[in-house]
Amino acid sequence: MAKRSLTNFGSLFFLQLALGAFFLALGIMGVNNYQSSTRGLMALFAKNDTFKLAASITELVMGGVLLLGLFVSVSSALAKILSIALFLLWGLYMVMTFIINGFIEPNFVTWLYNISWNAVILVSLWIVGSKYTA
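This one's a predicted model, so the numbers in the text were calculated from it and none came from an experiment.

A. Structural context of the overall build of the protein chain. Helix and strand counts for the protein chain come out as 4 helices and 0 strands. Listing every helix and strand of the protein chain by position from the N terminus yields α-α-α-α. Out of the 134 residues in the protein chain, the part that is buried amounts to 31%. In the protein chain, 72% of the contacts between residues at least 6 apart in sequence involve partners at least 24 apart. As displayed, the protein chain has an accessible area near 7,900 Å², and 71% of this comes from carbon and sulfur atoms.

B. View of a nonpolar patch on the surface. A contiguous nonpolar patch, built from V95, I99, I100, F103, I104, F108, V109 and L112 and spanning about 730 Å² of accessible area, is present on the exposed surface. Counting residues per element, the ones that place at least two in the nonpolar patch are α3 (76-100) and α4 (108-133). Topologically, V109 is positioned in helix α4.

C. Main features of α3. For α3, with 25 residues, the first-to-last C-alpha span of 34 Å sits near the 36 Å given by 1.5 Å per residue. By the burial criterion, the buried members of α3 are A79, S83, L86, W90, G91, Y93, M94 and F98.

D. Highlighting the packing of aromatic side chains. Counting across every chain of the model gives 10 aromatic pairs. Through pairs of rings, three or more aromatic residues link up here, namely F22, F23, W90, Y93 and F98.

E. Summary view of unusual backbone geometry. In this structure, P106 follows E105 across a cis peptide bond, with omega equal to 0 degrees. Positive phi values are uncommon outside glycine, yet I104 reaches one of about 55 degrees. Secondary-structure assignment places I104 in the loop between α3 and α4.

F. Expanded view of the nonpolar core. In this structure, L19, F23, L66, W90, M94, I121 and L125 are the most contacted members of the largest nonpolar core, which totals 18 residues. Among the elements of the structure, α1 (11-32), α2 (49-68), α3 and α4 are those that each provide at least two residues to this core. With 7 residues, α4 is the largest single contributor of residues to this core. Leave out the neighbours within four places in its chain, and L66 touches Q16, L19, G20, F23, L86, L125 and V128.

G. Quick look at α1. With 22 residues, α1 extends 31 Å between its outermost C-alpha atoms, agreeing within 8% with the 32 Å of an ideal straight helix rising 1.5 Å per residue. Every buried residue belonging to α1 is among F13, Q16, L19, G20, F23, L26, G27 and G30, and all of these are buried. Seen along its axis, α1 keeps its buried residues to an arc of 165 degrees; they face one direction. Across from the buried face of α1, at angles greater than 90 degrees, the exposed residues are S11 and N32.

Basis of the calculations
Residues numbered from 1 in each chain as written. Predicted model: local features only at pLDDT ≥ 70, side-chain atom pairs only at ≥ 80, totals over all residues. Heavy atoms only, no water. Helix = DSSP H or I, 4+ residues; strand = E, 2+ residues; numbered from the N terminus. Buried < 20%, exposed > 50% of the residue type's maximum accessible area, 1.4 Å probe, protein only. Contact = heavy atoms within 4.5 Å. Areas by Shrake-Rupley, 256 points an atom, 1.4 Å probe, with all protein chains shown as cover. Patch = residues over 30% accessible without salt bridge, like charges linked within 9 Å, V, L, I, M, F, W, Y side chains within 5 Å. Salt bridge = Lys/Arg side-chain N within 4 Å of Asp/Glu carboxyl O. Expected span 1.5 Å × (residues − 1). Phe/Tyr/Trp six-rings, centres within 6.5 Å; stacked < 30°, edge-to-face > 60°. Core = buried A, V, L, I, M, F, W, Y, C linked by side-chain atoms within 4.5 Å. Arc of directions from axis to C-beta.

Here you go:
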């Protein structure tokens, strides 16, 4: 990541801030409730609590990296790897959740609503990641 001025508050800054806060909160909620929760990436691992905890920690790290990336310079190679990994993980989560495990369930409108807001997160990860991979 290139060095940034703290006064560079554009739309990309706020998009990355929102994504970082989202993943940080998702990770914290998952770590706090990992025995009974299946939110976020943890839904990939169904009933295995160890994998749920690992997924929550991954979400926590993802949020931290996104937030720290706003203020701290990170090597472009590391930023590229992390941005691609974040995008692929969220894409995998969407495929597992909305295609393999629940295609058009419980009904079309609910399914469309849920896949749509998850797609907004996926596209946001792409946009934020593209500033580091270009």
